[in-house]
Amino acid sequence: MSIMRYERVHHPLAGTRIFLARVGVHAAIALIIVAVITGLGTAFFYFVEGEPEPHWTLAYAQAALLVSGMGPMGDLRTPWGQAIGGTYALFSGFFLVSALGVIAAPFVHRLLHYMLLD
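A short tour of the structure in this document, coming up. These numbers were taken from a predicted model, which means no experiment stands behind them.

1. Some details on the overall build of the protein chain
Point 1. Scanning the protein chain from N- to C-terminus turns up three helices and zero strands.
Point 2. By residue count, 25% of the 118 residues in the protein chain fall in the buried class.
Point 3. A fraction of 60% describes how many contacts in the protein chain between residues 6 or more apart in sequence connect residues 24 or more apart.
Point 4. A total accessible area of about 7900 Å² is found for the protein chain, and carbon and sulfur atoms account for 73% of it.

2. Let's talk about the packing of aromatic side chains
Point 1. Using the criterion set out here, one finds seven aromatic pairs in the structure.
Point 2. Where Phe47 meets Trp56, the ring centres are 6.0 Å apart and the plane angle is 90 degrees; that geometry is what we call edge-to-face.
Point 3. A relative accessible area of 59% means that Phe47 is categorised as exposed.
Point 4. The class of Trp56 is partly exposed, set by a relative accessible area of 46%.
Point 5. The lysine or arginine in question, Arg110, covers the ring of Phe19, its NZ or CZ lying 4.6 Å from the ring centre.

3. Here we look at the environment of Leu96
Point 1. Summarising the element assignment, Leu96 is placed in helix 3 (residues 79-117).
Point 2. Residue classification places Leu96 among the partly exposed positions, given a relative accessible area of 26%.
Point 3. Contact partners of Leu96, with chain neighbours within four places excluded, come to Val67 and Ser68.

4. Brief notes about the packing of helix 2 (residues 56-67) against helix 3
Point 1. Packing of helix 2 against helix 3 leaves a shortest axis separation of 8 Å and a crossing angle of 55 degrees. For the element pair helix 2 / helix 3, the angle class is oblique. Contacts between helix 2 and helix 3 pair Ala63, Leu66 and Val67 from the former with Gly85, Tyr88, Ala89, Ser92 and Leu96 from the latter.
Point 2. Split by residue class, the contact of helix 2 with helix 3 holds six nonpolar, two polar and no charged.

5. Comments concerning helix 3
Along an α-helix, residues three or four positions apart point the same way, because every turn accommodates 3.6 residues.
Point 1. Its 39 residues place the ends of helix 3 57 Å apart at the C-alpha level, agreeing with the 57 Å of an ideal helix rising 1.5 Å per residue.
Point 2. Taken as a whole, helix 3 carries its principal kink of about 40 degrees at Ala104; the proline Pro106 stands between one and four residues after it.
Point 3. Burial in helix 3 covers these residues: Gly81, Gly85, Tyr88, Ser92, Ala99, Pro106 and His113.
Point 4. Where the residues of helix 3 are buried, they touch helix 1 (16-48) and helix 2.

6. Let's talk about the nonpolar core
Point 1. Ranked by size, the top nonpolar core spans ten residues in total: Ile37, Phe44, Phe45, Tyr46, Ala59, Ala63, Leu66, Val67, Leu76 and Tyr88.
Point 2. Counting only elements with at least two residues in this core, the list comes to helix 1 and helix 2.
Point 3. Beyond its immediate stretch of four places on either side in the chain, Ile37 contacts Val67, Tyr88, Ser92 and Phe95.

What counts and what doesn't
Residues numbered from 1 in each chain as written. Predicted model: local features only at pLDDT ≥ 70, side-chain atom pairs only at ≥ 80, totals over all residues. Heavy atoms only, no water. Helix = DSSP H or I, 4+ residues; strand = E, 2+ residues; numbered from the N terminus. Buried < 20%, exposed > 50% of the residue type's maximum accessible area, 1.4 Å probe, protein only. Contact = heavy atoms within 4.5 Å. Areas by Shrake-Rupley, 256 points an atom, 1.4 Å probe, with all protein chains shown as cover. Phe/Tyr/Trp six-rings, centres within 6.5 Å; stacked < 30°, edge-to-face > 60°. Lys NZ or Arg CZ within 6 Å of the ring centre and 35° of its normal. Axes fitted to C-alpha atoms, helices over the stretch in contact; angles between N-to-C directions. Parallel < 35°, antiparallel > 145°, perpendicular 65-115°, else oblique. Nonpolar A, V, L, I, M, F, W, Y, C, P; charged D, E, K, R; others polar. Expected span 1.5 Å × (residues − 1). Bend = angle between axes of the 7 residues up to and from the residue. Core = buried A, V, L, I, M, F, W, Y, C linked by side-chain atoms within 4.5 Å.

Rendered as structure tokens:
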């Protein structure tokens, strides 16, 4: 049985080794999603809001706080920065919820499959 292929209702429950491998693959996918979104936000804050002295560490901190749902670290100075920063905050929240769904998928599937076997 493939790691990413879930068992059907009439199949027995997958073993622990397959389940843990499936959880690892889903966690890696979620980590990639969050890393890409944070990288895009870091580049945005560096190039758009980095004047007069751009710093990658400050741009990363700003992007990471928005992705985690904590809000911006400081005021956005430029009108483009405010408009794109607000849009980035909305989409980063959506992608964070999506990443949590990817992580939860193997657990929910195993629980539902276990309940249907009884």
